[in-house]
Amino acid sequence: MARRKKGETVSGWICLDKPYDLTSTTAVSRVRRAFNAQKGGHAGTLDPLATGILPIALGEATKTVPFLMDADKAYRFTIAWGRDTTTLDREGETTASSDVRPTRDQVEAALPAFVGEVDQVPPNFSAIKVDGERAYDLARDGVEFELPTRKVTIFDLKVVEQPDVDHITLEMECGKGTYVRAVVRDLAKALGTCGHVADLRRTRVGGFSEAGAISLETLENLSYEARLSEALLPVETALDDIPALAVTDEDAFRLAQGRAIVLLPRQVETLKAELPPGDRTVSAMSGDRLVALCEMRAGRLNPVRVFQLT
């Protein structure tokens, strides 16, 4: 006899404004506890030092996490000049220092080299795996290793404020896998000085932005007032960039059973026009209910992930 899962069958997304000094894992646990949800996860780790947008998936929404992991992101961060650290942020130990303080004009002149597809070496204090171990665990243990350079895409990088000679604040829009701390490290080196991240805030993940974010305190207050449904976003919120197809009740039933459905020629042409080159992913909708994520192939929709939503 199958063991009954603990908690409620809650499904949807929370656009959490993660506070400072809280791990992403702890944030997920507290959101799950507020909803008494059976299952939860997040789309993209935020360091305890960082604040801002941490999309948290509950229940069936966890099936859509991979699509949000690949989404573009935006950050606002402040650089403190004069000190390199082990972690590339203010919490690390000093590894080098400099009296050089770049001007705003000098920083702005250096930024174009960091925009576009660029080579970046991730920080050693990161979640990347090295021979099965997390890089940050090896770094904390004093193990020497080098992470390989990889291509990342930065769409925009600009100065927004220079509060004093020791600090400067930038905003960045980028693709997946881009590390702010690595950008700061490389920018400081290009300017002939030392620098680290003094403050970091993620302002957007895909369609999740500050405008729709909720604080953990507000969320937990809604829990006490039995108003949590006000903060819960639909499962399909993470799929804004994926073409949606309305299906009949009969086709929805077939897809829910894991069976393919045949498309009309006009449906195929419409979806082809909406799909990005090389992509075949389509979300099947029955009214306002997400039925399945499907792959379109040879005039058929083949269900890849089926959702048990009511």
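Counting restarts for each chain, with residues numbered from 1 along the sequence as it is written. For this predicted model, a pLDDT threshold of at least 70 governs which residues receive local features, and a threshold of 80 or more governs which side-chain atom pairs are given and counted, while totals over whole chains, interfaces and linings are taken from all residues. Note that water and hydrogens are dropped before the side-chain values are worked out from all heavy atoms of the structure.

Caption draft 1: Layout of the UniProt feature "domain: tRNA pseudouridylate synthase B C-terminal" (unreviewed entry) in the chain. UniProt positions are given in the numbering used here, feature names are shortened, and annotations may be inferred rather than shown by experiment. Residues annotated in UniProt with the feature "domain: tRNA pseudouridylate synthase B C-terminal" (unreviewed entry) correspond here to residues 181-239. Numbering of helices and strands runs from the N terminus, with a helix taken as a DSSP run of H or I at least four residues long and a strand as a DSSP run of E at least two residues long. The span residues 181-239 carries 32% helix and 25% strand; its end-to-end C-alpha distance comes to 29 Å.

Caption draft 2: Inspection of the sheet that holds strand 16 (residues 261-262) at higher detail. DSSP bridges decide pairing: two strands pair if at least two such bridges lie between them. Spatial strand order, 15-17-18-19-16: 5 strands in an open sheet with mixed pairing. Among the strands making up the open sheet, the edge pair consists of strand 15 (244-246) and strand 16. One ladder, built from 6 bridges, connects strand 17 (residues 281-286) with strand 18 (residues 289-297); its direction is antiparallel. Looking across to strand 18, one finds that alanine 284 is bridged to alanine 292. Here a residue-residue contact requires only that any non-hydrogen atoms of the pair lie within 4.5 Å. Angles here are taken between N-to-C directions and fall from 0 to 180 degrees, while the axes themselves are lines fitted to C-alpha atoms, restricted in helices to the stretch in contact. Sitting on the sheet, helix 7 (residues 249-256) touches strand 16, strand 17, strand 18 and strand 19 (300-306), and the angle it makes with strand 18 is about 75°.

Caption draft 3: Structural view of the side chain of threonine 203. Summarising the element assignment, threonine 203 is placed in strand 12 (residues 195-205). Between buried and exposed lies partly exposed: a residue is buried under 20% and exposed over 50% of the maximum accessible area for its type, with that area taken using a 1.4 Å probe on protein chains only. Among the residues examined, threonine 203 registers a relative accessible area of 13% and is labelled buried. Apart from residues lying up to four places away in sequence, threonine 203 is in contact with Ile53, Ala74, Tyr75, Arg76, Phe208, Ser209 and Glu210.

Caption draft 4: Inspection of the environment of methionine 172 at higher detail. On the secondary structure map, methionine 172 appears in strand 11 (residues 167-174). Taking the C-alpha atoms as reference points, methionine 172 and alanine 198, 26 residues apart in sequence, are found 15 Å from one another. With residues up to four places along the chain from it excluded, the contact list for methionine 172 reads Lys73, Ala74, Tyr75, Phe77, Ile154, Asp156, Leu157, Thr178, Val180 and Val183.

Caption draft 5: Looking closely at a negative patch on the surface. Nonpolar side chains (Val, Leu, Ile, Met, Phe, Trp, Tyr) are joined into patches within 5 Å and like charges within 9 Å, using only residues with over 30% relative accessible area and no salt bridge. Using a 1.4 Å probe, the Shrake-Rupley method yields the accessible areas, and only the shown protein chains count as cover for residues. Only one rule defines a salt bridge in this text: a Lys or Arg side-chain nitrogen within 4 Å of an Asp or Glu carboxyl oxygen. Charged-residue counts in this description rest on Lys and Arg as positive and Asp and Glu as negative, His and the chain ends being excluded. A charge is said to be at NZ when it belongs to Lys, at CZ for Arg, at CG for Asp and at CD for Glu. A cluster of acidic residues, Asp72, Asp156, Glu173, Asp240 and Asp241, forms a negative patch on the protein surface. Along the polypeptide, aspartate 240 turns up in the loop between helix 6 (216-224) and strand 15. Looking at aspartate 240, the relative accessible area reads 58%, which means it is exposed.

Caption draft 6: Main features of the UniProt feature "domain: Pseudouridine synthase II N-terminal" (unreviewed entry) in the chain. According to UniProt, the feature "domain: Pseudouridine synthase II N-terminal" (unreviewed entry) maps to residues 32-180 in the numbering used here. Secondary structure over residues 32-180 splits into 15% helix and 40% strand, and the C-alpha atoms at its two ends are 29 Å apart.

Caption draft 7: Structural detail: the pairing of strand 12. Most of strand 12 is tucked away, with 9 of its 11 residues classed as buried. The sheet contact formed by strand 3 (residues 51-58) and strand 12 spans 2 bridges and is parallel. Paired with threonine 51 across the two strands is arginine 201, which belongs to strand 12. Where strand 4 (residues 73-81) and strand 12 come together, 9 bridges link them in antiparallel fashion. Considered in strand 12, the bridge of alanine 80 is made with histidine 196. When strand 12 meets strand 13 (residues 208-209), the two strands line up antiparallel, connected through 2 bridges.

Caption draft 8: Here's a closer look at the packing of helix 1 (residues 24-35) against helix 6. In contact at an axis separation of 9 Å, helix 1 and helix 6 are set at 20° when each is read in the N-to-C sense. If you check the angle between helix 1 and helix 6, you find them roughly parallel. In terms of crossing hand, the pair formed by helix 1 and helix 6 is left-handed. Contacts between helix 1 and helix 6 involve Arg30, Val31, Ala34 and Phe35 from the former and Leu216, Leu219, Glu220 and Ser223 from the latter. Throughout, the term roughly parallel applies to angles under 35 degrees, roughly antiparallel to angles over 145, roughly perpendicular to angles from 65 to 115, and oblique to all others. When the near helix sits turned anticlockwise from the far one by under a right angle, the crossing is termed left-handed; a clockwise turn instead gives a right-handed crossing.

Caption draft 9: Focus on helix 8 (residues 265-274). Every buried residue belonging to helix 8 is among Gln267, Val268 and Leu271, and all of these are buried. Looking straight down helix 8, one finds that the buried residues subtend no more than 100° of arc, so they occupy a single side. Exposed residues pointing more than 90 degrees away from the buried face of helix 8 are listed as Pro265, Arg266, Glu269, Lys272 and Ala273. Packed against the buried residues of helix 8 are strand 15, strand 17 and strand 18. Arc definition: it is the arc formed by the directions from the helix axis to the C-beta atoms.

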